[in-house]
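Coordinate inspection notes
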Amino acid sequence: MSSGLGAGLPLETGVPGVFLSPPGFERVIGLLRDGVAALAADEPFHRLVIPPVISRKTIERAGYVAAFPNLLGTVHGYGGTPSGWARLKPLVEEGGEWHAQQQIGDLVLLPAACYPVYAALEGSALDEPAKVTVEASCFRQEATSEPGRMRSFRMLELVTVATDEHCLKWRAARLEQVEGWFTDLGLAVSVEVADDPFFGPGRKLYQAAQRMQELKWELKVPVADGTVQAVASANYHKEHFGETFGITAGGEPANTSCVAFGLERLALALITRHGEDSTRWPAEVLAALGGGHRG
């Protein structure tokens, strides 16, 4: 990745998987937001602003801890007295374990943008589909720092909560729409069934069941020379979140579906395909990004 402050690619921070975004890169992120907004303009999505942290209990209830304990980032803090900290403070300058007495708190770093939506709807009885769009800064403790494999990243999601029939039809239509959009953006896209579990124990058993039921489709494109990664996914969680949070639709536990976009990965894919200067991209690509009217 580029090391120049004025470049269009993310800048290294010295920590694997965490980057700074220069103006050129942020312009591409803005174009992607515009493009997704244009895709979603046919539905009345309710926009929620999501913080980068979430209740630890919510994530535990949702099943994320059981499925991905290796990816979750927890928030710890010092709860002792000032006099106790006075004894620990010298360890900061000495390079000692000043954090040894920190304890886990009631928050964790948000691993996916959609989880707060289900918690916010807890106990709801829906007469019509709930449709929500969210963007959040997310964190996952990824083990690799290959291009696009970020620990801190932004995720934009379209979410619906409704009956199983609605969620399946909605997910299928959005998957086809996004695949066509990526083609219009000049990206070589492949659509594949994923086998990573959303939730719950029994990881290997669930992986097999997920592939059989096609609960998660990934859209993969080149994000760097020789590196192909999933930049978006179309997901169907069945009634898992409806049962977990007591949400009903049509008198039954609600089903949920979402389409998620990894903004940094998508931006890298577009830059790899069309170059760092987005003002020089083909007109048809900018048109597919909502017109490309950004300075």
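Residues numbered from 1 in each chain as written. Predicted model: local features only at pLDDT ≥ 70, side-chain atom pairs only at ≥ 80, totals over all residues. Heavy atoms only, no water.

Under an unreviewed UniProt entry, the protein has the name tRNA synthetase class II core domain (G, H, P, S and T) and belongs to Actinokineospora diospyrosa.

Under the defined criterion, the tally for this structure stands at eight aromatic pairs. Seen from their ring centres, Y115 and F241 are 5.7 Å apart, and the 80° between their planes marks the pair as edge-to-face. Note that Y115 is positioned in helix α6 (residues 115-120) and F241 in helix α9 (residues 240-245), a separation of 126 residues in sequence. The class of Y115 is buried, set by a relative accessible area of 7%. One aromatic cluster is present, formed by Y64, F68, Y115, Y118 and F241 through successive ring pairs. (Phe/Tyr/Trp six-rings, centres within 6.5 Å; stacked < 30°, edge-to-face > 60°. Helix = DSSP H or I, 4+ residues; strand = E, 2+ residues; numbered from the N terminus. Buried < 20%, exposed > 50% of the residue type's maximum accessible area, 1.4 Å probe, protein only.)

For the rest of this paragraph, the subject is the pattern of salt bridges. Per the counting criterion, the structure on display carries twelve salt bridges. Ionic pairing is found between R61 and E122, a salt bridge with its closest N-O pair at 2.9 Å. Residue R61 is located in helix α2 (residues 56-62), and its partner E122 is located in the loop between α6 and β7 (125-126); the two are separated by 61 residues in the primary sequence. Overall, the relative accessible area of 38% leaves R61 in the partly exposed class. We classify E122 as partly exposed; its relative accessible area is 43%. A salt bridge links K169 to E165; the nearest nitrogen and oxygen atoms lie 3.1 Å apart. Here the residue K169 and the residue E165 both occupy positions in helix α7 (residues 164-184), the gap between them amounting to four residues, near one helical turn. Taking the relative accessible area as the measure of exposure, K169 reaches 55% and is therefore exposed. Residues joined by salt bridges that share partners form a network here, namely D42, E43, K131 and R174. (Salt bridge = Lys/Arg side-chain N within 4 Å of Asp/Glu carboxyl O.)

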